[in-house]
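Report on the structure
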Amino acid sequence: MEMDTLRLFNRDSRGVALSLDILLALIPITILLGLVAADMGNIMYGTQDIIYRSSLERVSADTVNTLLQTSGDPYNWETNPSNLKVVGLAQYDPNNKKPVEYTLSTKKMALLKSSLGQQAVQNVMGDQYGFYITVSPTNSTDTIIWNLTSTGTPKESAKDVVKIERNVLYNVFDSEAVASIKNAGHDSGKPRDYYSEPFFTNQYDLEIYDYYVLIFNRGVTSASVDINQYELMSENEFKGYDKYSNWTKIIPVNYLKAGTNPQENKLKLEQVASKPGTRMDAYVVRVPKGTLPGTITANDALPKSYLFQFYAWTK
């Protein structure tokens, strides 16, 4: 009898010990679950914040690519802004029929400052986002020469701001290089002829623009400059300039094509003679009619490198 009672007590003791083991094991699990539950709000908030940040970064990158890599829809929307569907700022190359990525159109940049342009950027991003755009010289990024901001919540009040930077070519001066010949020269043999890619004009262009040839000489000793087989600068006149100088020549209107539809024109450098290692560049530049010739210089008339900065946030 006593033996049976002892066996029963031993079995009960094992049950009690097992229950205590389970209880002790559950204590840290319960504490951990409590901590997780207490911090669930912060976890959910952090996850949501990451999702919002990722979405903002994607929208910002898409907007910058649209602005800098495309000319917009239509590509020449600056000629009739009311037809604008999607804004883009890249110059359009009519010869290759594609945008010149990261080279900004001066006229498109000017129109972007209007309420129409501001809303066009907002349409690309979506109304839930704010934006701020600046353009600065690459060697002085604190000097802002151009800026545009959205309406509503300012950048300074935003909790989280995405920033994207890109190097661009931009011409503050209202001009455009429509054709060029670069590194013309010969090291040996007979003097050579060089031709630019065609540039297009019509009668309307000639009513509102003047066209100039800019010469940048780095040692070429002799050449003549022609537009559509009209001699703009003779070999003798060329030799009258210092061979390490730059100069500007206006193109007479009657040298250029003036049909109703755009027609091809070409710049030619004829019989370029130089010593080894010496070269010259020539550009055809289009400027608004009446622009003072003295202001059409290499420093003003050709695009320079700038830093394009784009800031975005959730309103």
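Reading guide: rules and limits
Residues numbered from 1 in each chain as written. Predicted model: local features only at pLDDT ≥ 70, side-chain atom pairs only at ≥ 80, totals over all residues. Heavy atoms only, no water. Helix = DSSP H or I, 4+ residues; strand = E, 2+ residues; numbered from the N terminus. Contact = heavy atoms within 4.5 Å. Areas by Shrake-Rupley, 256 points an atom, 1.4 Å probe, with all protein chains shown as cover. Pairing = 2+ DSSP bridges. Phe/Tyr/Trp six-rings, centres within 6.5 Å; stacked < 30°, edge-to-face > 60°. Buried < 20%, exposed > 50% of the residue type's maximum accessible area, 1.4 Å probe, protein only. Axes fitted to C-alpha atoms, helices over the stretch in contact; angles between N-to-C directions. Core = buried A, V, L, I, M, F, W, Y, C linked by side-chain atoms within 4.5 Å. Salt bridge = Lys/Arg side-chain N within 4 Å of Asp/Glu carboxyl O.

Within the chain, the regular secondary structure consists of 6 helices and 18 strands. Pairs at least 24 residues apart make up 73% of the contacts formed inside the chain by residues separated by at least 6 positions. When the accessible surface of the chain is split by element, carbon and sulfur atoms take 54% of a total near 17700 Å².

What follows concerns the pairing of strand E3 (residues 90-93). As paired elements, E3 and strand E4 (residues 98-104) share 4 bridges and run antiparallel to each other. Directly across from Gln 91, in E4, lies its bridge partner Val 100.

Enumeration according to the criterion identifies 7 aromatic pairs in this entry. Residues Tyr 75 and Tyr 92 carry aromatic rings whose centres are separated by 3.9 Å and whose planes lie at 25° to one another, so their mutual orientation is stacked. On the criterion of sequence distance, the pair formed by Tyr 75 in the loop between strand E1 (72-73) and strand E2 (86-87) and Tyr 92 in strand E3 is long-range, its members being 17 residues apart. With a centroid separation of 5.4 Å and 75° between ring planes, the pair formed by Phe 238 and Trp 247 is classed as edge-to-face. Classification of Trp 247 as buried rests on a relative accessible area of 6%.

With antiparallel pairing, 4 strands are arranged side by side in an open sheet as E9-E16-E12-E13. Where the open sheet ends on each side, the last strands, each with one partner, are strand E9 (192-195) and strand E13 (230-233). The mean angle between the axes of side-by-side strands here comes to 30°, regardless of whether they run parallel or antiparallel. Bridge analysis of strand E12 (residues 222-227) against strand E16 (residues 267-273) gives 5 bridges, and the strand direction is antiparallel. Considered in E16, the bridge of Val 225 is made with Leu 269.

Across the sheet, which stays open at both edges, the 4 strands sit in the order E8-E17-E11-E14 with antiparallel pairing between neighbours. Edge strands, defined here as strands with exactly one partner in the open sheet, are strand E8 (176-184) and strand E14 (246-250). The average undirected angle you get between the axes of adjacent strands in this sheet is 15°. Bridging between strand E11 (residues 209-218) and strand E17 (residues 279-288) involves 10 bridges; their strand directions are antiparallel. The residue of E17 that forms the bridge with Val 213 is Val 284.

Residue placement: Asn 228 occurs in the loop between E12 and E13. Taking the C-alpha atoms as reference points, Asn 228 and Lys 266, separated by 38 residues in sequence, lie 5.5 Å from one another. The residues touching Asn 228, leaving out its near neighbours within four places in the chain, are Tyr 255, Leu 256, Lys 257, Glu 264, Asn 265 and Lys 266.

What follows covers helix H3 (residues 115-125). Of the positions making up H3, those classed as buried are Gly 117, Ala 120, Val 121, Gln 122 and Met 125. One or two positions beyond H3, positive phi appears at Gly 126, with a value near 110°.

Another aspect to go through is the side chain of Arg 279. Mapped onto the fold, Arg 279 is located in strand E17. On the basis of relative accessibility, which here comes to 19%, the residue Arg 279 falls in the buried class. Those residues in contact with Arg 279 that sit more than four places away from it in its chain are Asn 183, Ala 184, Gly 185, His 186, Asp 187, Phe 216, Asn 217, Arg 218, Gly 219, Val 220 and Ser 274.

With that settled, consider the nonpolar core. By size, the foremost hydrophobic cluster in this structure holds 29 residues, and its most contacted members are Leu 67, Val 87, Leu 104, Trp 146, Phe 308 and Phe 310. Here this core gets 5 residues from one element, more than from any other, and that element is helix H1 (residues 2-69). Once residues within four sequence positions are removed from consideration, Leu 104 is found in contact with Leu 68, Leu 89, Gln 91, Met 109, Val 168, Leu 169, Tyr 170 and Phe 308. Grouped together as the second largest cluster of nonpolar side chains are 28 residues, Ala 184, Val 220, Ala 282 and Val 284 included.

Under the defined criterion, the tally for this structure stands at 7 salt bridges. Between Glu 237 and Lys 249 there is a salt bridge, and its shortest N-O distance comes to 2.8 Å. Of this pair, Glu 237 sits in helix H5 (residues 235-239) while Lys 249 sits in strand E14, and the two are 12 residues apart along the sequence. Its relative accessible area of 30% is what places Glu 237 among the partly exposed residues.

Let's shift gears to the environment of Phe 238. On the secondary structure map, Phe 238 appears in helix H5. Here Phe 238 falls in the buried class, since its relative accessible area comes to 2%. When the C-alpha positions of Phe 238 and Ser 222 are compared, they lie 6.4 Å apart, and in sequence the two are 16 residues distant.

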